[in-house]
Each structure stands twice: as C-alpha cells, then as structure tokens.
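# Fold and geometry: a report
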Amino acid sequence: MKDPCIRKLLKDTELQHFFNDCNSKVVDELSLPVAKARIDVAVINGSLHGYEIKSASDTLQRLPSQIEAYTKVFDYLSIVTESKYKDRILNIIPFWIGIIVCDEIKGIKTIKQVRKPKLNKNKQSFFIAKLLWREEITDALTEYQIPFRKQDRNWLLCEALSLNLDIKTISFIVRDKLKKRENWKTNVKECY
C-alpha cells in the first residue's frame with residue numbers, strides 16, 4: 001500500500017470518530033520545531049497524538065531521528081506500517097510507542113493495533129511551545145503575565161514560556177491554540 005492509501009485507511013477507521021468530535025482536530029503533515037521533522041498525522045484534543053506512516057516502500061533509515069524529534073512534543077505516538085516492517089520497527093521503537101499494522105491482501109484492506117501507545121514522559125516544554133506561531137506565543141505570555149520584549153526572537157519567547165509555566169499548562173495552551181487555528185492544514189490526499 002502507498003502512503004495515501006494507508007493514511008486514508010487510518011482516517012476511515014482508527015481516527016474516524018475524531019472528525020466528528022468538536023473537541024478534536026486532525027492535522028496532516030504537522031511541522032515540528034525539531035530538526036525540520038514533520039509527523040504524517042496528528043490528533044489534537046485532550047492530548048497530542050502523532051501517527052507516523054511507514055509504508056513498505058519507505059525506508060526506516062530516518063525513523064530513529066524522527067522518534068527523537070517526536071518524543072519532545074507528543075503525549076502519544078503510533079507508528080502505522082505494513083507487516084513487512086512490523087518486527088523491525090518493534091525492535092527500533094521505545095516501549096511507549098504504539099504500532100498499527102495495515103495490510104492489503106487480494107484487494108481487502110485491514111488495520112490492526114498491535115501495541116497500544118503509552119503516555120510519553122519525556123516531552124520538553126520548550127519544544128512544545130515552539131509549535132505556536134509568534135502571535136499565539138505573545139498572547140500566552142500576556143495572558144499569564146510573563147514579561148517579554150516585543151523584539152525578542154521566537155525562541156526567546158518560547159524559553160520564557162517554558163521557564164515560567166509547567167509542562168502541563170504549556171501543553172494545554174498549545175493544544176488549545178492549535179485547535180482554534182482556522183483554514184490550517186486541511187488538505188487530505190486521496191487514495192489512488
């Protein structure tokens with residue numbers, strides 16, 4: 001299966017209920033503030049759950065560095081792959097990362113959760129804050145009465161947030177701001 005087909009199967013099954021949930025937002029190709037990483041699908045609600053797709057035509061060469069980047073921001077992470085890579089991925093990923101296996105046999109597509117993700121305890125508030133746009137950062141700093149200079153670069157503003165608020169509060173702020181963004185990341189690739 002190709003990436004667009006796996007993505008569609010994932011959205012039509014495992015993620016379907018999030019599309020009708022007003023407290024959830026499903027985002028394709030969410031850019032992360034770490035090493036120019038990008039997650040294939042992110043679900044934003046009471047937590048931030050990333051889904052990285054590794055089809056049989058992909059390589060696993062970048063997976064370790066992607067996991068390092070994803071670990072800094074996601075509450076939960078699942079790797080979505082095909083049977084070809086299941087065992088190799090299980091040997092690469094930490095215990096807290098879930099794995100979902102998709103297959104197509106004689107035209108019939110299946111999807112199965114092999115390992116449920118666990119809560120990531122290694123997130124970093126600075127990198128979570130870097131998911132915000134500048135205006136969102138300054139709004140949060142103002143709301144929480146954290147002093148800053150308007151001319152400060154974004155990373156300094158994110159540092160101010162991460163030094164003055166606990167990770168739970170920063171995570172809440174970021175999820176809330178991401179869910180409120182309009183006309184953002186709404187493109188869906190069709191399966192062909």
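So, here's what we can say about the structure. Just so we're clear, the structure is a prediction, and the values are computed from it rather than from any experiment.

With that out of the way, let us pick up helix H7 (residues 154–164). Within the sequence span of H7, burial applies to Leu157, Cys158, Ala160, Leu161 and Ser162. Next to the buried residues of H7 lie helix H5 (125–129), helix H6 (134–143) and helix H8 (167–180).

Here we take up the state of the cysteines. In the structure shown here, the tally under the stated rule is zero disulfides. In this structure Cys102 is not part of a disulfide, and its nearest cysteine sulfur, from Cys5, lies 10 Å away. Since its relative accessible area comes to 0%, Cys102 is described here as buried.

To continue, consider helix H1 (residues 3–12). Across the 10 residues of H1, seven count as buried, placing the element largely inside the fold. If you check which residues of H1 are buried, you get Pro4, Cys5, Ile6, Arg7, Leu9, Leu10 and Lys11.

Quick look at the sheet that holds strand S6 (residues 108–115) now. Strand order across the open sheet formed by six strands is S1-S2-S3-S4-S5-S6, with mixed pairing between neighbours. Two strands bound the open sheet, and with one partner strand each, they are strand S1 (25–31) and S6. For this sheet, the mean angle separating the axes of adjacent strands, direction not counted, is 25°. Bridging between strand S3 (residues 48–54) and strand S4 (residues 76–82) involves six bridges; their strand directions are parallel. For Ile53, the partnering residue across the bridge sits in S4 and is Val80. Across the sheet, helix H4 (residues 83–92) touches S3, S4, strand S5 (98–105) and S6, and the angle it forms with S4 is around 140°.

What counts and how
- Residues numbered from 1 in each chain as written.
- Predicted model: local features only at pLDDT ≥ 70, side-chain atom pairs only at ≥ 80, totals over all residues.
- Heavy atoms only, no water.
- Buried < 20%, exposed > 50% of the residue type's maximum accessible area, 1.4 Å probe, protein only.
- Helix = DSSP H or I, 4+ residues; strand = E, 2+ residues; numbered from the N terminus.
- Contact = heavy atoms within 4.5 Å.
- Disulfide = S-S within 2.5 Å.
- Pairing = 2+ DSSP bridges.
- Axes fitted to C-alpha atoms, helices over the stretch in contact; angles between N-to-C directions.

Don't take any of this as a statement about function, it's just geometry.
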